[in-house]
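Structure assessment
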Amino acid sequence: MNNEESICRLSEHSDMTKRLMANHSIHIICLRGNDDFSFHPNGKCGCITLNDESMFGIRCNHLMWAEGWIEGAENNHAILVYGNHKGVLEIVLLTFSEKEEEYLRKRTY
């Protein structure tokens, strides 16, 4: 499934995604090796059962997600998404930033 379909599917499970997807741009960051970031989970997490399908470029049977925030980031809402296929753990970080038109509308006097 493509990234847009993946976001819609995740929004059926994650309240943060559902709340932020309408007014925020979503950035998908693939984490590899020793990427240095400070992700703090907030306890809201879950599993989306897939049948050897792909979401966010991760092929797996069980896609895990955890909502949280990133230390030191201006727009710090984030969701860590991860899954395993044939022994390879793939990790993706979703970050949210306000869409430009929404940002401008909120700050217009």
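This one's a predicted model, so the numbers in the text were calculated from it and none came from an experiment.

A word on unusual backbone geometry
- At Phe56, a position not held by glycine, the phi torsion is positive, near 55 degrees.
- On the secondary structure map, Phe56 appears in the loop between strand S2 (39-55) and strand S3 (58-70).
- One non-glycine residue, Lys86, lies in the positive phi region at around 55 degrees.
- Considering the arrangement of structural elements, one finds Lys86 in the loop between strand S4 (77-85) and strand S5 (88-98).

Description of the pairing of S5
- Across eight bridges, the pairing between S4 and S5 is antiparallel. Of the residues in S5, the one forming a bridge with Tyr82 is Ile91.
- Remark: two residues form the turn of the hairpin made by S4 and S5, two consecutive strands paired antiparallel; Lys86 in that turn has positive phi of roughly 55 degrees.

Considerations on the pattern of salt bridges
- Inspection of every chain in the model, using the stated rule, returns one salt bridge.
- A salt bridge links Asp52 to Arg59; the shortest N-O distance between them is 2.8 Å.
- Residue classification places Asp52 among the partly exposed residues on the basis of a relative accessible area of 33%.

Remarks on the confidence of the model for the protein
- In the predicted model, the protein carries a mean pLDDT of 82, and 82% of its residues have values of at least 70.
- Mean pLDDT values for the elements of the protein range from 52 in helix H3 (residues 100-106) up to 93 in S3.
- In this model residues 103-109 is a low-confidence stretch, pLDDT under 50, and it forms three contacts with partners more than four residues away in sequence or in other chains.

What about the nonpolar core?
- Leu10, Phe56, Leu63, Ile79, Val81 and Leu94 are the most contacted members of the largest nonpolar core, which has 17 residues in total.
- The set of elements that each furnish at least two residues to this core consists of helix H1 (3-11), helix H2 (15-20), S2, S3, S4 and S5.
- Sort the elements by how many residues they give to this core and S3 lands first, with four residues.
- Sequence-distant contacts of Leu10, that is, excluding residues within four places in its chain, are made with Thr17, Ile48, Met55, Phe56, Trp65, Ile79, Val81 and Leu94.
- With six residues, the next largest nonpolar core counts Phe39, Ala66, Ile70 and Leu93 among its residues.

How each quantity is defined
- Residues numbered from 1 in each chain as written.
- Predicted model: local features only at pLDDT ≥ 70, side-chain atom pairs only at ≥ 80, totals over all residues.
- Heavy atoms only, no water.
- Helix = DSSP H or I, 4+ residues; strand = E, 2+ residues; numbered from the N terminus.
- Pairing = 2+ DSSP bridges.
- Salt bridge = Lys/Arg side-chain N within 4 Å of Asp/Glu carboxyl O.
- Buried < 20%, exposed > 50% of the residue type's maximum accessible area, 1.4 Å probe, protein only.
- pLDDT = per-residue confidence, 0-100.
- Contact = heavy atoms within 4.5 Å.
- Core = buried A, V, L, I, M, F, W, Y, C linked by side-chain atoms within 4.5 Å.

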